[in-house]
Amino acid sequence: MEDIEGYVHSVETGGSVDGPGLRYIVFVSGCPLRCLYCHNPDTMKMKRGEKTSAYKLLKDVASYRTYFQTGGGGLTVSGGEPLAQPQFLKTLLWGAKQMGVHTAVDTSGYLGKKVDEELMDLIDLFLLDIKSWVPATYKHVTGVEVEPTLEFAKRLAAEKKEVWVRFVLVPGLTDAQENIEGIAKFVSELGNVTRVDVLPFHKMGENKWDELGMKYQLNDTEAPSHEQTEAARDTFRKYGLNVH
């Protein structure tokens, strides 16, 4: 496959939460969403990243392959939004599969229509971020509509692709029971979701917003308590889901 250049924010060579085992994680730049709680706002604009050759990255992946494959790890492409650069993503994943490396893509699903069958076949695991269920809440949180994400989730189910769903619990924003219950019910009916991660909101990226001259709207929002987080997880468990 022809080498492709893409915009990359950073890489992490020992990730442990973005897929099974130890992961080599490529964080790409560019994202159509404008999530209020985004902790990497510097990835929103594609050209803030560094233009990088896919083959150059794959050589680095190869140098770590023995290290991360020992524990069933692999390559995860995150962001930003990986589907904003589909050809670059395809080249990276094709190279990984040539090396026998497990692949995962962390996506909001909003650009799911950019996933053709060739790209779909290269992805072993989708980390699907479902930000909210209530349409008005989703639009407020992300700036875009929820429907493309839900349609993509249904397509992944139809194609029997493994999915881990991720949901960020933000007090006063995404924590309404209707919102949590809606996601839980929807996800439980798909049949291909092997794990749900309920992630408590944090403000670790707040300083990045300031540095970029962007207004951070959640200054006064506190992280959810342990009890609030466990209550949300229990809602997902109620629907028979494997929750972390």
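Scope of this entry: the structure provided in the associated data block. Just so you know, these numbers come straight off a predicted model, no measurement behind them.

### Structural notes on the packing of helix 6 (residues 177–188) against helix 8 (residues 226–238)
Then comes step 1: At a minimum axis distance of 9 Å, the contact between helix 6 and helix 8 shows a crossing angle of 35 degrees. Between helix 6 and helix 8 the crossing geometry is right-handed. Between helix 6 and helix 8, the residues in contact are Gln177, Ile180, Glu181, Ile183 and Ala184 and Ala232, Thr235, Phe236 and Lys238, respectively.
Then comes step 2: Residues belonging to the contact of helix 6 with helix 8 are distributed by class as follows: five nonpolar, two polar and two charged.

### A few points about the pairing of strand 2 (residues 23–28)
Then comes step 1: Of all six residues that make up strand 2, six are buried, and the element is covered over most of its length.
Then comes step 2: Neither face of strand 2 is open: one carries Arg23, Ile25 and Phe27, the other Tyr24, Val26 and Val28, and all of them are buried.
Then comes step 3: Judged from the five bridges that link them, strand 1 (residues 5–15) and strand 2 form a sheet pairing that is antiparallel. Among the inter-strand pairings, Val8 is bridged to a residue of strand 2, identified as Val28.

### Structural notes on the packing of aromatic side chains
Then comes step 1: For the structure on display, the rule yields six aromatic pairs.
Then comes step 2: Ring plane angle 80 degrees and centroid distance 5.7 Å describe the contact between Phe126 and Phe152, whose orientation is recorded as edge-to-face. A residue pair is termed long-range when its members are at least 10 positions apart, and Phe126 in strand 6 (residues 125–129) and Phe152 in helix 5 (residues 147–158) qualify at 26 residues. Just as Phe126 is buried, Phe152 falls in that class too.
Then comes step 3: The interplanar angle of 50 degrees and the centroid separation of 6.1 Å between the aromatic rings of Phe167 and Phe236 together place this pair among those described as tilted.

### Here's the deal with the side chain of Arg166
Then comes step 1: Mapping Arg166 onto the fold places it in strand 7 (residues 162–169).
Then comes step 2: Residue class for Arg166 comes out buried when judged on its relative accessible area of 10%.
Then comes step 3: At a separation of 2.7 Å, a polar atom in the side chain of Arg166 contacts the main-chain carbonyl oxygen of Val17.
Then comes step 4: Within polar-contact distance, the side chain of Arg166 engages the side chain of Asp106 at 3.1 Å.
Then comes step 5: In this structure, Arg166 is in contact with Val17, Asp18, Asp106, Leu127, Leu128, Asp129, Ile130, Asp197 and Leu199, ignoring residues within four places of it in sequence.

### Thoughts on helix 4 (residues 135–142)
Then comes step 1: All buried positions along helix 4 are accounted for by Thr137, Tyr138, Val141 and Thr142. Buried residues of helix 4 fall within an arc of 105 degrees about the axis and therefore sit on the same side. Those residues of helix 4 that are exposed and angled more than 90 degrees off the buried face are Pro135 and Ala136.
Then comes step 2: Positive phi appears at Gly143, one or two residues downstream of helix 4, with a value of about 85 degrees.

### Notes on the layout of surface pockets
Then comes step 1: One number sums up the size of the largest pocket: a volume of about 930 Å³.
Then comes step 2: Taken together, 34 residues line the largest pocket, and the ones lying closest to its centre are His39, Asp106, Asp129, Arg166 and Leu199.
Then comes step 3: Looking at the lining of the largest pocket, the elements with two or more residues in it are strand 5 (102–107), strand 7 and strand 8 (193–200).
Then comes step 4: For the lining of the largest pocket, the element with the most residues is strand 8, which contributes four residues.
Then comes step 5: Taken together, the residues that form the lining of the largest pocket break down as 15 nonpolar, nine polar and ten charged.

### Considerations on the sheet that holds strand 6
Then comes step 1: Read across the open sheet, the eight strands follow the order 3-1-2-4-5-6-7-8; overall the sheet is mixed. Only two strands of the sheet have a single partner each, and these edge strands are strand 3 (50–53) and strand 8. Recorded for the sheet is a direction-independent mean angle of 30 degrees between the axes of neighbouring strands.
Then comes step 2: Two strands pair when backbone bridges link them, and strand 5 and strand 6 are joined in this way by four bridges, in the parallel orientation. What sits directly across from Thr107, in strand 6, is Leu128.
Then comes step 3: Contacts from helix 5 reach strand 5, strand 6 and strand 7 within the one sheet, and its direction differs from that of strand 6 by about 155 degrees.

### Examining the environment of Leu119
Then comes step 1: Tracing the chain through its elements places Leu119 in helix 3 (residues 117–122).
Then comes step 2: Here the alpha-carbon distance between Leu119 and Lys90, two residues 29 residues apart in the chain, equals 5.7 Å.
Then comes step 3: Contact partners of Leu119, with chain neighbours within four places excluded, come to Leu83, Pro86, Leu89, Lys90, Leu93 and Lys114.

Rules and cut-offs
Every chain begins its residue count from 1, and numbering advances along the sequence as written. Restriction of local features to residues with pLDDT of at least 70 applies here, the model being predicted, together with a cutoff of 80 or more for giving and counting side-chain atom pairs; totals for whole chains, interfaces and linings are based on all residues. Only hydrogens and water are removed before side-chain values are computed, so all heavy atoms of the structure are retained for them. All axes here are fitted lines through C-alpha atoms, helices being fitted over the stretch that makes contact, and every angle between N-to-C directions spans 0 to 180 degrees. The secondary structure listing takes helices from DSSP runs of H or I that are at least 4 residues long and strands from runs of E that are at least 2 residues long, numbered from the N terminus. Crossing handedness is read from the near helix: turned anticlockwise from the far helix by less than a right angle, it gives a left-handed crossing, and turned clockwise, a right-handed one. Contacts between residues were defined by any pair of non-hydrogen atoms, one from each residue, lying within 4.5 Å. Classification used: nonpolar for Ala, Val, Leu, Ile, Met, Phe, Trp, Tyr, Cys and Pro, charged for Asp, Glu, Lys and Arg, polar for all others including Gly. Burial status follows relative accessibility: with a 1.4 Å probe on protein chains alone, a residue under 20% of its type maximum counts as buried, one over 50% as exposed, and anything between as partly exposed. In this description, strands pair whenever DSSP reports at least two bridges between them. Aromatic rings from Phe, Tyr and Trp, taking only the six-membered ring of Trp, are treated as a pair when their centres fall within 6.5 Å; an angle between ring planes under 30 degrees marks them as stacked, one over 60 as edge-to-face, and anything in between as tilted. For this analysis, a polar contact is any N or O atom pair within 3.5 Å, provided that within protein one partner can donate a hydrogen and the other can accept it, and provided that sequence-adjacent residues contribute only side-chain to side-chain pairs. Working note: the arc is built from the helix axis to C-beta atom directions. Here a cavity denotes grid points, spaced 1 Å and computed from the protein atoms alone, that fit a 1.4 Å probe unable to get out, and a pocket denotes an open set having protein on both sides within 12 Å along at least 5 of 7 lines; residues with an atom within 4 Å of a point are the lining. Grid points are joined across faces, edges and corners, and a volume is the space filled by probe spheres set on the points.

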